[in-house]
Amino acid sequence: MRMFKIKYDEYTYDDDRLAGWVSTAVNRGIKHLDAKGFETDMCMREFMPLDIYKSNTLLSLVLVTVGIVNPEFVVSLPCLKILHLEDVWYFDDPLIMEKVISGCPVLEDLVLIRPFDFCDVDVLQFLRVRSRSLKSFRLTFEYSNAGACYSVEIDAPRLEYLNFNDDNSDMVIVKNLTSLLMIDIDTEFNVKFGGSPLEPGDLSKRDTIRDFITGVSSVRHMIISQRTLEVLYRYSKLGPIPKFDNLYRLQAAISGSLLQLLLVFLESCPNLENLILLVPLQDFVVSTEPEQAGLDYVPQCLLSSLESVEIRELVIGEETGMKLVKYFLKNSVVLRKLTLHFKDSSMANQDSDIFKELHTFTKRSRCCEVIIH
């Protein structure tokens, strides 16, 4: 047997048989184990047998909606390269993940979707990910919880991809991420939900954001959410955003009325070459309204390096997209291509009013080509 995969629910649930099946499969030398439980109170979830911690053959381990306990012996998974833990209850030890990861010397791909505690017990409150082999790491909180304090530490010198979606952790520490190529970041750093606003006197929160941004500043490709841009805009009032000198490709969600958020962040990307913008249907509102008078400001990358801008999800009749189009055409010195994706496919018609209007916009770069999809 090479793979054992099981998905069970309240109608097929049998704790004695399940644990026995998983144990037998692991002991017979399987390479891939995938066990998914059913949605229920964490205190009633099925716990995996201790055999999953001492397999010499497992290459991938996927556990969803189950429980695991802290083994009293040293974890030994010498061949495990893929570990996916979703909505798993880590019973008895908040540092259990550090123990598991330390027993996986060749781990390359880690997905950790942290659960919400339904039993009023701290669940994985302190997360420490230290790995010399890890290349891809996705961290997500399923729910927001304002009543508990969480922290996360990531120390992975070979990490190339990081997906960070964590609004609960007050303390976020990243170390040795010099190999990072791509980051997908969607977080408010516990500033808005459950946390205090980012004020000048909040030195701890300010330092956490600064250290995180500095720690991932070597990245080359970034995907960033609008709410993260909002937090970084607030941070910029307290201190400069660390530079992303290597960043050449950026994808951001932004509404036209909040263009200032994007411009502030672009100033920290002096060598950016490619920019992709997702325009939401409705403008979002932030508690600290950006100054629209600052739209005359032009970040350095528009003057020297930005060659391609792509704006997606444009809707006819909205000023949001047109404001972005006008701004980048007017201020981008070396822009070669501006690509527009309209929701209404009829806009790609050269006889449309929008198409004709685009050709009346001022273009600072003479070689810029406007492409409509």
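The notes below deal with the structure included here. (Residues numbered from 1 in each chain as written. Predicted model: local features only at pLDDT ≥ 70, side-chain atom pairs only at ≥ 80, totals over all residues. Heavy atoms only, no water.)

### Quick look at the overall build of the chain
When helices and strands are tallied, the chain shows eight helices and 19 strands. Out of the 373 residues belonging to the chain, those deemed buried represent 51%. Summarising the internal contacts of the chain: among those between residues at least 6 apart in sequence, 71% fall at separations of at least 24. As displayed, the chain offers around 17100 Å² of accessible surface, 50% of which is attributable to carbon and sulfur atoms. (Helix = DSSP H or I, 4+ residues; strand = E, 2+ residues; numbered from the N terminus. Buried < 20%, exposed > 50% of the residue type's maximum accessible area, 1.4 Å probe, protein only. Contact = heavy atoms within 4.5 Å. Areas by Shrake-Rupley, 256 points an atom, 1.4 Å probe, with all protein chains shown as cover.)

### Digging into the pairing of strand 8 (residues 126–130)
Taking every second residue as pointing to the same face, the buried face of strand 8 carries Leu127 and Val129, while none of Phe126, Arg128 and Arg130 on the other face is buried. Relative to strand 10 (residues 150–155), strand 8 runs parallel, the two sharing five bridges. Paired with Phe126 across the two strands is Ser151, which belongs to strand 10. (Pairing = 2+ DSSP bridges.)

### Describing the sheet that holds strand 10
As a general point, the strands of a sheet are linked pairwise by backbone hydrogen bonds and lie either parallel or antiparallel. Read across the open sheet, the three strands follow the order 8-10-12; overall the sheet is parallel. On the outer flanks of this sheet lie strand 8 and strand 12 (169–175), each paired with one strand and no other. For this sheet, the mean inter-axis angle between neighbouring strands, taken without regard to orientation, is 5°. Where strand 10 and strand 12 come together, six bridges link them in parallel fashion. The residue of strand 12 that forms the bridge with Val152 is Val172. (Axes fitted to C-alpha atoms, helices over the stretch in contact; angles between N-to-C directions.)

### A word on the layout of surface pockets
Approximately 150 Å³ is the volume attributed to the largest pocket. Every residue lining the largest pocket is counted, 11 residues in all, and those nearest its centre are Asp170, Met171, Val172, Ser204 and Thr208. For the lining of the largest pocket, the elements supplying multiple residues, two or more each, are strand 12 and helix 3 (203–215). Along the lines of polarity and charge, the residues of the lining of the largest pocket split into four nonpolar, two polar and five charged. (1 Å grid on protein atoms, 1.4 Å probe; cavity = no way out; pocket = protein on both sides within 12 Å on 5 of 7 lines; lining within 4 Å. Points joined across faces, edges and corners; volume = space filled by probe spheres on them. Nonpolar A, V, L, I, M, F, W, Y, C, P; charged D, E, K, R; others polar.)

### Let's talk about empty space enclosed by the protein
Evaluated as defined, the whole model comprises three cavities of 30 Å³ or more. Its volume calculated, the largest cavity comes out at about 60 Å³. Forming the boundary of the largest cavity are Ile52, Tyr53, Leu61, Leu63, Ile68, Leu83, Leu85, Met97 and Val100. Those elements that provide at least two residues to the lining of the largest cavity are strand 3 (60–64), strand 5 (82–86) and helix 2 (96–102). Considered class by class, the residues forming the lining of the largest cavity number nine nonpolar, no polar and no charged.

### Section: the pairing of strand 15 (residues 249–253)
Note: strand 14 (residues 221–224) against strand 15, four bridges, orientation parallel. The partner of Ile224 across the bridge, within strand 15, is Ala252. At this point the chain moves from strand 14, through helix 4 (residues 226–236), to the parallel strand 15, and the crossover so formed is right-handed. (Right-handed = clockwise from strand over helix to strand, strands pointing away.)

Geometry only, nothing functional implied.
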